[in-house]
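Notes for the structure review
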Amino acid sequence: MQRHCIGVFDSGMGGLSVLDACLRAAPGHRYLYYGDNLHAPYGERAEGEVRALVRQGVRSLMAAGAEVIVLACNTATALCAQELRRALRVPVIGTEPDVRSAARVCRHALVLATPHTANSPHLRRLILRAPSCRFDVLPLARLAGEIERYVRGGAAPDLSVLPRGEYDGVVLGCTHYALIAPMLRDYFRVPLFDGAPKTAGRLARLLPRLPVRGEGRFFDDFFKKTNTVLGTDDHLCPMSISNICLLYHTEINTNSEIIFLNSTGFINKCAYKQMFLSSF
Ligand code: DGL
């Protein structure tokens with residue numbers, strides 16, 4: 001199997017849910033995760049500012065050798081996917097609210113999303129293509145930020161402000177929401193629809209067709225510089241180089257490597273391990 005270097009971008013921790021789906025659908029590759037926690041949430045920032053932050057994050061992923069970019073963020077997908085596809089020499093896979101799956105089984109569903117996603121022509125188009133279901137779209141400026149703080153040990157988000165009762169499905173239009181899926185399921189008591197598996201499926205189908213660029217140098221250099229021996233699990237590494245996470249996916253007997261980029265890499269790595277790693 002040819003190993004590829006996959007760059008995953010989100011405003012913060014939400015993209016960890018997409019990273020996890022990608023690791024399951026496409027294991028054995030090298031993943032770079034860029035979470036822009038310092039500027040999260042993007043919900044209340046001006047559109048131009050969000051675009052600039054996404055460009056900057058994606059540039060870092062490209063500089064580190066990403067051969068494909070996964071926008072693990074509905075907001076970045078709605079605002080920047082088209083522009084990035086024109087500008088980059090590598091494929092860009094987006095994440096979008098899975099209204100299509102919801103429309104197959106629901107009659108009246110609620111879409112929870114950040115204001116940029118909620119008001120985007122992209123979401124309007126998706127909803128128009130799923131006419132068998134009525135969708136109410138609820139823009140939530142603060143929930144992603146509350147979730148980000150909650151995962152880091154803060155108070156649980158207050159869900160009581162969300163409407164319920166009349167819906168037979170809820171679409172998670174922001175990757176942060178997947179991090180509190182059990183709480184949302186408890187609250188709404190209807191099926192939730194998360195876009196992450198679709199994104200991961202697109203990645204898994206693309207990888208075998210992706211040209212080999214030999215861009216794994218960043219990983220090799222990183223391991224060399226930090227004296228990490230490839231094949232050792234990261235709990236054996238000193239804390240100072242803790243942005244590395246090596247996963248052994250026992251179910252299918254292959255391994256994946258993740259490097260969490262930027263100054264908040266350690267936070268994202270810990271959050272990932274805390275929320276998802278026990279299942280490996
Ligand atoms: N997780 C991102 C999304 O899917 C953005 C959340 C935010 O920073 O507001 O939309």
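Residues numbered from 1 in each chain as written. Predicted model: local features only at pLDDT ≥ 70, side-chain atom pairs only at ≥ 80, totals over all residues. Heavy atoms only, no water.

Evaluated as defined, the whole model comprises 6 aromatic pairs. Summarising the aromatic geometry, the rings of Phe260 and Tyr272 are spaced 6.5 Å apart at their centres and angled 40° between planes, so their arrangement reads as tilted. Of the two residues, Phe260 sits in strand 10 (residues 254-260) while Tyr272 sits in helix 11 (residues 265-276), which places them 12 residues apart along the sequence. According to the relative accessible area criterion, Phe260 is buried, its value standing at 1%. For Tyr272, a relative accessible area of 0% translates into the label buried. Following the ring pairs from residue to residue traces out a cluster consisting of Tyr33, Phe260, Tyr272 and Phe276. (Phe/Tyr/Trp six-rings, centres within 6.5 Å; stacked < 30°, edge-to-face > 60°. Helix = DSSP H or I, 4+ residues; strand = E, 2+ residues; numbered from the N terminus. Buried < 20%, exposed > 50% of the residue type's maximum accessible area, 1.4 Å probe, protein only.)

Below, the discussion takes up the side chain of Glu148. With respect to the secondary-structure elements, Glu148 resides in helix 7 (residues 143-151). In this structure, Glu148 is buried with no salt-bridge partner, the nearest side chain bearing the opposite charge being Arg152 at 4.4 Å. Polar contacts involving the side chain of Glu148 include one to the main-chain amide nitrogen of Met13, which spans 3.1 Å. Within polar-contact distance, the side chain of Glu148 engages the side chain of Asn37 at 2.8 Å. Filtering out sequence-adjacent residues up to four positions away, Glu148 remains in contact with Gly12, Met13, Asn37, Ala40 and His176. (Lys, Arg positive; Asp, Glu negative; His and termini not counted. Salt bridge = Lys/Arg side-chain N within 4 Å of Asp/Glu carboxyl O. Polar contact = N/O pair within 3.5 Å; in protein donor to acceptor, adjacent residues only side chain to side chain. Contact = heavy atoms within 4.5 Å.)

Right, let's get into the pattern of salt bridges. Taken as a whole and assessed by the stated rule, the structure comprises 9 salt bridges. For Arg24, the salt bridge identified is with Asp20, shortest N-O distance 2.9 Å. Here Arg24 pairs with Asp20, and both are found in helix 1 (residues 15-25), just 4 residues apart, close to one helical turn. Residue Arg24 is classed as partly exposed on the basis of its relative accessible area of 34%. With a shortest N-O distance of 4.0 Å, Glu96 and Arg202 are connected by a salt bridge. Taken together, the residues span a long stretch of sequence, with Glu96 in the loop between strand 4 (92-93) and helix 4 (99-105) and Arg202 in helix 9 (residues 196-206) at a distance of 106 residues.

Another point: the site of the ligand. Neighbouring residues of the ligand: 13 residues in total, closest Ser11, Tyr42, Asn74, Thr75 and His176. Residue Tyr42 places a main-chain N or O atom 2.6 Å away from an oxygen atom belonging to the ligand. With respect to the ligand, the backbone of Thr175 contributes an N or O atom lying 2.8 Å from an oxygen atom. Calculation on the ligand without its partners gives an accessible area of 300 Å², and the protein chains cover 100% of this total. For the shell around the ligand, the class distribution of residues is 5 nonpolar, 7 polar and 1 charged. (Near = heavy atom within 4 Å. Areas by Shrake-Rupley, 256 points an atom, 1.4 Å probe, with all protein chains shown as cover. Nonpolar A, V, L, I, M, F, W, Y, C, P; charged D, E, K, R; others polar.)

So, on to the pairing of strand 7 (residues 169-173). Judged by how many residues are buried, strand 7 sits mostly within the fold: 5 of 5 residues are covered. Residues of strand 7 alternate between two faces, with Gly169, Val171 and Gly173 on one and Val170 and Leu172 on the opposite face, all of them buried. Summarising the sheet, strand 5 (residues 108-113) and strand 7 pair through 5 bridges and their orientation is parallel. Looking at the pairing, Ala109 lines up with Gly169 of strand 7. Bridge analysis of strand 7 against strand 8 (residues 192-194) gives 3 bridges, and the strand direction is parallel. Bridging across to strand 8, Val171 finds its partner in Phe193. Between the parallel elements strand 7 and strand 8, the chain passes through helix 8 (residues 181-188) in a crossover that is right-handed. (Pairing = 2+ DSSP bridges. Right-handed = clockwise from strand over helix to strand, strands pointing away.)

Where burial is concerned, most of helix 1 is hidden: 9 out of the 11 residues are buried. Listed in full, the buried residues belonging to helix 1 are Gly15, Leu16, Ser17, Val18, Leu19, Asp20, Ala21, Cys22 and Leu23.

This brings us to helix 2 (residues 47-63). For helix 2, built from 17 residues, the straight-helix expectation of 24 Å at 1.5 Å per residue is met to within 8% by its first-to-last C-alpha distance of 24 Å. Of all the positions in helix 2, only Val50, Leu53, Val54, Gly57, Val58, Leu61 and Met62 are classed as buried. Buried residues along helix 2 sit against strand 1 (5-10), strand 2 (30-35), strand 3 (68-71), helix 3 (74-87) and helix 5 (115-118). Just past helix 2, the residue Gly65 takes up positive phi, approximately 100°. (Expected span 1.5 Å × (residues − 1).)

Before going further, it helps to examine the side chain of Ser101. Relative to the helices and strands, Ser101 resides in helix 4. The class for Ser101 is buried, based on a relative accessible area of 15%.

This next bit is on a positive patch on the surface. Taken together, the side chains of Arg100, Arg104, Arg124, Arg125 and Arg129 define a basic patch exposed on the protein surface. Listed by contribution, the elements that provide at least two residues to the positive patch are helix 4 and helix 6 (121-128). (Patch = residues over 30% accessible without salt bridge, like charges linked within 9 Å, V, L, I, M, F, W, Y side chains within 5 Å. Charge placed at Lys NZ, Arg CZ, Asp CG, Glu CD.)

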